[in-house]
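# A closer look at the structure
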Amino acid sequence: MYTAFSGSHQDAIRKCLQQQKADEPWSVAYLPIDPKDLGRDYQAIIRVNSQSGKGGVAFVLERDFGLVLPRWLQVELAQEVQKASEQKGGELEPATIHAIFRERFIADTEPLSLTGYQLDRSAGHDAINAHIVERGAKHTLHGEGEGALSAFIDALMKHGNSRIAVVDYNEHAVGTGTNAEAVAYVQLNINGRRVSGVALDHDTVSASMKAVLSAWNRTQGAAMKRQKVA
């Protein structure tokens, strides 16, 4: 059995496997033979512990859950996975890594959640009425901007009296056909602090707005923790 714990080795394996074609000779860094020739599969290739880097963690999430994380989120998640592995004192299963990812970055329900929206587009300008629930209270937020996401952020800034800017944004489909979902990854600068958020939804626009809410809600949770410590 061949095992790769080093982050650089795992990243090299991931990239080589993406380029490897079925009708070509086996050529994957750090894996001298095709695991299928030994009756094994790719699940046995990447194992994640406290020494693993972002490459191995990203490979597991893409292979097992169809999540293609942007580089900035790979770095942030790898740190969380390493902490969990150190606390456990051993390797982490793919399901555990996925649970850490969801627990840390998908936070689109509390304290704010999106229940619906109306979007009016005219000449490249968008106006939105976003319906949210905040700690049990219903609100309709209004915002404007060049694009649905920009309009929603404008509405959220007015509601929270905060400065919000998009640092980076990525999205892709998970699955195929009518059951496919959109996953959105966003990194925001909220009042001078960078924070990441993720969300999935069958509607691409909803996924992007819920990702923003995930980032926003994470800042609210962090602020509450700081208040308790103080």
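Description of the structure in this document. (Residues numbered from 1 in each chain as written. Predicted model: local features only at pLDDT ≥ 70, side-chain atom pairs only at ≥ 80, totals over all residues. Heavy atoms only, no water.)

### Observations regarding the overall build of the chain
Counted only if it meets this: Going along the chain from the N terminus, every DSSP run of H or I of four or more residues is numbered as a helix, and every run of E of two or more is numbered as a strand. Throughout, a residue-residue contact means that at least one pair of heavy atoms, one from each residue, lies within 4.5 Å. Working definition of accessibility: Shrake-Rupley area with a 1.4 Å probe, residue cover restricted to the visible protein chains.
Summing up its helical and strand segments, the chain has six helices and six strands in all. Shown N-terminal to C-terminal, the secondary structure of the chain runs as helices and strands in the order α-α-α-α-β-β-β-α-β-β-β-α. Partitioning the intrachain contacts of the chain with sequence separation of at least 6 by distance along the chain shows that 48% fall at a separation of at least 24. Summed over all atoms, the accessible surface of the chain reaches about 12200 Å², with 47% contributed by carbon and sulfur.

### A short note on the sheet that holds strand β6 (residues 193–201)
As a reminder of what qualifies: For two strands to count as paired, DSSP must find a minimum of two bridges between them. Lines are fitted to the C-alpha atoms to define the axes, a helix being fitted only along its stretch in contact, and any angle between axes, read from their N-to-C directions, falls within 0 to 180 degrees.
Spatial strand order, β4-β5-β6: three strands in an open sheet with antiparallel pairing. Only two strands of the sheet have a single partner each, and these edge strands are β4 (164–174) and β6. Strand-to-strand, the axes of this sheet are offset by a mean angle of 15 degrees, without reference to chain direction. By the bridge criterion, ten bridges tie β4 to strand β5 (residues 181–190) in an arrangement that is antiparallel. Within the sheet, the bridge partner assigned to glutamate 171 lies in β5 and is alanine 184. Sheet strands touched by helix α4 (residues 94–105): β5 and β6. Its angle to β6, the strand with the most contacts, is close to 115 degrees.

### Here we look at the packing of helix α2 (residues 54–65) against helix α3 (residues 71–88)
Helices that pack against each other are described as a pair by the angle of their axes relative to one another and the distance between those axes. Put simply, the rule reads: For classification, angles of less than 35 degrees are called roughly parallel, those exceeding 145 degrees roughly antiparallel, those between 65 and 115 degrees roughly perpendicular, and all remaining angles oblique. In this count, Pro and Cys sit with the nonpolar residues alongside Ala, Val, Leu, Ile, Met, Phe, Trp and Tyr, while Asp, Glu, Lys and Arg are called charged and the others, Gly among them, polar.
Contact geometry for α2 and α3: axes closest at 8 Å, N-to-C directions at 100 degrees. In this view, α2 runs roughly perpendicular relative to α3, as classed from their interaxial angle. Contacts between α2 and α3 pair Lys54, Val57, Ala58 and Leu61 from the former with Arg71, Gln74, Val75, Leu77, Ala78 and Val81 from the latter. The residue inventory of the contact of α2 with α3, partitioned by class, reads seven nonpolar, one polar and two charged.

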